[in-house]
Amino acid sequence: MAMTFESYMDAMRRLVVADLNMADEAFERLHPRMIESAELRIYRELDLMVATAATEATLVSGNRNVTVPGSIIIVRAVNVVTPAGTSADAGTRIPLERTSLAFIDATWPSALSTGVPSKYAMLTDTACRLAPTPGAAYKAEFIGEVRPTALSADNTTTFITANLPDLMIAASMIFYAGAQRDY
């Protein structure tokens, strides 16, 4: 049975013997961290596909560097969509080959060599270098791991609470037990 934020909070208050009238300050202070710890542990250890998404970015003609969209935390693949200006749903995806920055800089040492990119390398955790340099304002589709929105009063259900409620409770109890003993 799916669990909501309210049913989760009620279950946790009962399990940790917190004041059910919500007057337990320690519990109220800890519960956001407890949810965060439980969800991140579950997503990390189960490597759930629900945490994968595709996000588009627009490439700038003549600029070989592109910022990874903020929702992607681990880049798994990059596609360029042709023709220029077309969305991923309406155009043709061209998968880019991931390579090293050294290879790109050695093979395409100048940003003046333009065309449809065929390779990419990670510059940082939030930026990529493309080769050759985009010759038009193509769309790029970044596919990778995202951090889903956490369970909260505003986001009352998540994939975990809908499909793995018992695991959410168990992971939360691990955090709470550690917090009670200062880890």
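First, a word on what this report is: a plain description of the structure on this page.

Attention now goes to the pattern of salt bridges. For the structure on display, the rule yields eleven salt bridges. Between Glu-45 and Arg-41 there is a salt bridge, and its shortest N-O distance comes to 3.8 Å. With Glu-45 and Arg-41 both in helix α2 (residues 25-46), this residue pair falls four residues apart, about one helical turn. Overall, the relative accessible area of 34% leaves Arg-41 in the partly exposed class. Its salt-bridge partner being Arg-76, residue Glu-145 comes within 3.2 Å of it at the nearest N-O pair. Here Glu-145, found in strand β10 (residues 139-146), pairs with Arg-76, found in strand β3 (residues 72-82); they are 69 residues apart in sequence, far enough to count as distant. On the basis of relative accessibility, which here comes to 13%, the residue Glu-145 falls in the buried class. Bridged by salt links that share partners, the residues Arg-33, Glu-36 and Arg-147 form one connected network.

Here we have four strands laid out as an open sheet, ordered β1-β10-β3-β4, and antiparallel in their pairing. Each of the sheet's edge strands pairs with one partner strand only, and the pair in question is β1 (52-58) and β4 (92-95). Strand-to-strand, the axes of this sheet are offset by a mean angle of 35°, without reference to chain direction. As defined by bridge partners, β1 adjoins β10 across seven bridges and the pair is classed as antiparallel. Across the sheet, Thr-55 pairs through a bridge with Phe-142, a residue of β10.

This next bit is on the sheet that holds strand β8 (residues 127-131). The four strands lie next to each other as β2-β8-β7-β5, forming an open sheet whose pairing is mixed. In the strand order of this sheet, the two ends are held by β2 (65-67) and β5 (97-98), each with one partner. By the bridge criterion, two bridges tie β5 to strand β7 (residues 119-124) in an arrangement that is parallel. Note on β7: the bridge partner recorded for Glu-97 is Lys-119.

Conventions adopted
Residues numbered from 1 in each chain as written. Predicted model: local features only at pLDDT ≥ 70, side-chain atom pairs only at ≥ 80, totals over all residues. Heavy atoms only, no water. Salt bridge = Lys/Arg side-chain N within 4 Å of Asp/Glu carboxyl O. Helix = DSSP H or I, 4+ residues; strand = E, 2+ residues; numbered from the N terminus. Buried < 20%, exposed > 50% of the residue type's maximum accessible area, 1.4 Å probe, protein only. Pairing = 2+ DSSP bridges. Axes fitted to C-alpha atoms, helices over the stretch in contact; angles between N-to-C directions.

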